[in-house]
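So you can see what is in the structure, the chains are spelled out below.
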Amino acid sequence: MKKLPALCPSCEFALEVSELSCESCGTKVSGNYSLPLLLQLSPEEQQFLLDFITSSGSIKKMAEQLGKSYPTVRNYLDDLIEKINNIKNH
């Protein structure tokens, strides 16, 4: 399955969705829509969030799973929170 790109391959600006279609009946919806916030994150960031949620939000469990120190995982999470806040505010 093809991956949905979130950034322009030329200038790395955020892409927008311009058309959605129904495979069943052929209905199409056109317009300019922003990608959902989570799709604006890299695949690695998305996976980190999924792992974090499934570990019940435990940084300690995440550190063990990733083989990283607690402060390293905490810093990564803080950076990810900052990125999400920046996306939300733009």
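Residues numbered from 1 in each chain as written. Predicted model: local features only at pLDDT ≥ 70, side-chain atom pairs only at ≥ 80, totals over all residues. Heavy atoms only, no water.

Chemist: Pulling in residues and values, what's your account of the confidence of the model for the protein?
Modeler: Considering every residue of the protein, the mean pLDDT works out to 92; 100% of them sit at 70 or more. Within the protein, the element-level pLDDT minimum falls on strand β1 (residues 16–21), averaging 90, and the maximum on helix α3 (residues 70–88), averaging 95. (pLDDT = per-residue confidence, 0-100. Helix = DSSP H or I, 4+ residues; strand = E, 2+ residues; numbered from the N terminus.)

Chemist: Lay out the pairing of strand β2 (residues 28–34) with the relevant residues and their values.
Modeler: Within a regular beta strand, the side chains point alternately toward one face of the sheet and then the other, so they alternate between its two faces. When you tally the buried positions in β2, you get zero out of seven residues, a small fraction of the element. Summarising the sheet, β1 and β2 pair through five bridges and their orientation is antiparallel. Bridge pairing in β2 links E16 to S34. In this structure, the hairpin formed by β1 and β2 is closed by a connection of six residues, where G26 is found at a positive phi of approximately 85°. (Buried < 20%, exposed > 50% of the residue type's maximum accessible area, 1.4 Å probe, protein only. Pairing = 2+ DSSP bridges.)

Chemist: Tell me what's going on with helix α1 (residues 43–54), and back it up with residues and numbers.
Modeler: Under the 1.5 Å per step criterion, the end-to-end length of α1 is 16 Å for 12 residues, consistent within 8% with the ideal 16 Å. Within α1, burial applies to E45, F48, L49 and F52. Down the axis, α1 shows its buried residues gathered within 95° of arc, on one side only. Summarising the geometry of α1, the exposed residues directed more than 90 degrees from the buried face are P43, L50 and T54. Among the structural elements, α2 (59–66) and α3 are those in contact with the buried residues of α1. One or two positions beyond α1, positive phi appears at S56, with a value near 60°. (Expected span 1.5 Å × (residues − 1). Arc of directions from axis to C-beta. Contact = heavy atoms within 4.5 Å.)

Chemist: Quick one: what's the story with the nonpolar core, residue by residue and with numbers?
Modeler: Core analysis: the largest hydrophobic core is formed by 12 residues, namely L41, F48, L49, F52, I59, M62, A63, V73, L77, L80, I84 and I87. Going through the elements one at a time, α1, α2 and α3 are the ones with two or more residues in this core. Sequence-distant contacts of L80, that is, excluding residues within four places in its chain, are made with L41, E45, F48 and L49. (Core = buried A, V, L, I, M, F, W, Y, C linked by side-chain atoms within 4.5 Å.)

Chemist: Please give an account of the packing of aromatic side chains that cites residues and values.
Modeler: Under the defined criterion, the tally for this structure stands at two aromatic pairs. Note on F48 and F52: the rings are 6.3 Å apart at their centroids and 5° apart in plane angle, and the pair reads as stacked. With a gap of four residues between them, F48 and F52 both fall in helix α1, about one helical turn apart. For the pair F48 and F52, a shared accessibility class is recorded, and that class is buried. Ring centres of F48 and Y76 lie 4.6 Å apart, and the angle between their planes is 65°; on these two criteria the pair is classed as edge-to-face. (Phe/Tyr/Trp six-rings, centres within 6.5 Å; stacked < 30°, edge-to-face > 60°.)

Chemist: I'd love a proper account of the packing of α2 against α3, names of residues and values included.
Modeler: The geometry of α2 relative to α3 is characterised by a closest axis approach of 9 Å and an angle of 110° between their N-to-C directions. With respect to α3, the element α2 is oriented roughly perpendicular. Taken together, the residues of α3 that come into contact with α2 (itself represented by I59, K60, M62, A63 and L66) are Y70, V73, R74 and L77. Looking at side-chain class alone, the contact of α2 with α3 contains seven nonpolar, no polar and two charged residues. (Axes fitted to C-alpha atoms, helices over the stretch in contact; angles between N-to-C directions. Parallel < 35°, antiparallel > 145°, perpendicular 65-115°, else oblique. Nonpolar A, V, L, I, M, F, W, Y, C, P; charged D, E, K, R; others polar.)

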